[in-house]
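# Inside the fold
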Amino acid sequence: MIEEVRHAHEAALEQVATALTLADLRAVDSEVLAKSGTLGSLKSRLGSLAIEHRKTVGQAINQAIEAVESAADERRRELSAAALQGRIAAERLDLTEITARPRRGHEHLAIQAWERLEDVFVGLGFQIAEGPELETDFYNFEALNMPRSHPARSGFDTLFTDYNEDGTVLLRTHTSPVQIRVMQTVEPPIYMIMPGRVFRRDTPDATHMPVFHQLEGLVIDRSITMAHLAGTIDAFTKAFFGGDFTSRLRPNYFPFTEPSAEFDIQRPDGTWIELGGCGMVHPNVLSAAGLDPEEWSGFAFGFGIDRMARERHGVDDIRDMYSNDVRFIKQF
Ligand code: PHE
C-alpha cells in the first residue's frame, strides 16, 4: 500500500504542476484529496491493514496530502499572479503614438508679437490689463464719445449679437473700451497697455481679417502733453523694431481723442509703415469714465498686433497666418 500512496502522491503533484487554471486546481481537490479521491480514499482502507502497518502507512498518506495541498497553494498563487498580469496587459493603453510624436509646437506668430510687445511696454514701465471681447454699446461707443447718431460708428463694421435690445451687445470692434474699464477701476496715475482680440464685419483679404488683435495704450496723469505721447511712441518704436527706426505723427480724427493723430514708423531704408491711431484723451471720455478733466489729462494709442507680426516676418498675405497650414506656421 505504501507503493500506492507513492504513486497517488506523484500523480497528484504532476496534476498540480500542469494545472493551467484555477478550475484545474479545484479538480485536484475533488479527484485527489476528497474522501473518494486517489489519496483520500486510501485513508478509509487503513482499517483493513495489520495494526503494526497502520501508523507508517497513515503517516505516509498524511504527508502526501500535506505535500499536495502546499503544492496546490503555491500553484494557485502563481496562477492568480499570471491572471493579474494578463488583465494588466489587456487593459494597457497604447500611448506610443502620442509620446513618439517628434514635432514640438510653438506659439503662434500673432501671440509671439503680442508677448514681445508686452515685454517692451513692461520695460517702459507700463502695466497690462485685459477686458471682455463681448461688449456693450456704452463701452465700445458711447463712453468713447460716439453717441448713437455719431457717423464714426459706421466705420467700425460692428458685429452685433442678439442679446438684449438690438444693437446693445456687440463683439468689441477695438480695444479702446478697455480704456474706460481701466479708468473706472484704477486710481490715476495710469500707465497701462491693453492687448486683445477684436472683431469687425470684414471680408478676409491679404491685409484684413474679421478677427484680429490690437494693443491699446493709456496714460492718465497730471499735465500730460502731446510731447509725452510722441516720446512714448518713439521710445517704443526703437525698443521694438531697433534703434535705426523712427516714428512720426500725422494729424487725423478719432472721436475719443483730441487732438488725434495717425502714427507711422520709418524703416532704415526710408519707407514708412502706417501703424495705428493715437491722441490726447478727449475730456468727454475722461468724464464718461468718472475722471475730472480739469485734474487729469492723458494720451491713448492703439495699433494692430497682427500687422506688427506681418511686418517683422515679411508675411505677404495675412490670411496665411490663420490658415493653420503647418508648412507656413512652422517657419516661425
Ligand atoms: N481704437 C482706434 C481704432 O481701432 C485706435 C485708437 C486707439 C485711436 C486709441 C486713438 C486712440 O482704430
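Everything discussed here concerns the structure shown above.
The paragraphs below set out a description of the structure included in this document. (Residues numbered from 1 in each chain as written. Predicted model: local features only at pLDDT ≥ 70, side-chain atom pairs only at ≥ 80, totals over all residues. Heavy atoms only, no water.)

### Here's the deal with the pattern of salt bridges
A side chain with one charge can pair with a side chain of the opposite charge if their charged atoms come near. Counted according to the given criterion, the structure contains 18 salt bridges. The salt bridge partner of Arg-153 is Asp-137, with a shortest N-O separation of 2.8 Å. In this pair, Arg-153 is assigned in the loop between α7 (137–140) and β3 (159–160) and Asp-137 in helix α7, connecting sequence segments 16 residues apart. Each member of the pair, Arg-153 as well as Asp-137, is classed as buried. A network of salt bridges, in which partner residues are shared, links Arg-248, Arg-250, Asp-264 and Glu-274. (Salt bridge = Lys/Arg side-chain N within 4 Å of Asp/Glu carboxyl O. Helix = DSSP H or I, 4+ residues; strand = E, 2+ residues; numbered from the N terminus. Buried < 20%, exposed > 50% of the residue type's maximum accessible area, 1.4 Å probe, protein only.)

### As for the sheet that holds strand β2 (residues 134–136)
Reading across from one edge, β2-β4-β3 is the order of the three strands in this open sheet, with antiparallel pairing throughout. Taken across any chain shown, the strands that pair with only one partner, and hence form the sheet edges, are β2 and β3. Here three bridges tie β2 to strand β4 (residues 169–171), and the two strands are oriented antiparallel to one another. When the bridges of β4 are listed, Leu-134 appears paired with Leu-171. (Pairing = 2+ DSSP bridges.)

### Side note on the environment of Glu-187
On the secondary structure map, Glu-187 appears in the loop between α8 (176–185) and β5 (190–199). We classify Glu-187 as exposed; its relative accessible area is 67%. Glu-187 sits 63 residues away from Arg-250 along the chain, and the two C-alpha atoms are 31 Å apart.

### Regarding the site of the ligand
Lining the immediate environment of the ligand, one finds 14 residues, of which His-174, Ser-176, Arg-200, Gln-214 and Glu-216 sit closest. A distance of 3.1 Å is found between an oxygen atom of the ligand and a side-chain nitrogen or oxygen belonging to Arg-200. Gln-214 has a polar side-chain atom sitting 3.0 Å from an oxygen atom of the ligand. For the ligand, whose free accessible area comes to 320 Å², the fraction covered by protein is 92%. Elements with a contribution of two residues or more to the shell around the ligand: α8, β6 (211–221), β9 (272–281) and β10 (297–304). (Near = heavy atom within 4 Å. Polar contact = N/O pair within 3.5 Å; in protein donor to acceptor, adjacent residues only side chain to side chain. Areas by Shrake-Rupley, 256 points an atom, 1.4 Å probe, with all protein chains shown as cover.)

### A closer look at helix α11 (residues 305–313)
All of the buried residues along α11 are Ile-305, Asp-306, Met-308, Ala-309 and Arg-310. Taken from the residues just after α11, Gly-314 is the one with a positive phi, measuring 65°.

### Brief notes about α8
With seven of ten residues buried, α8 is to be regarded as a mostly interior element. Among the residues of α8, those classed as buried are Ser-176, Pro-177, Val-178, Gln-179, Ile-180, Val-182 and Met-183. Where α8 is buried, its residues touch β2, α7, β5, β6, α10 (283–288) and β10. (Contact = heavy atoms within 4.5 Å.)

Note that every value here comes from positions in space, so none of it alone points to a role or purpose.
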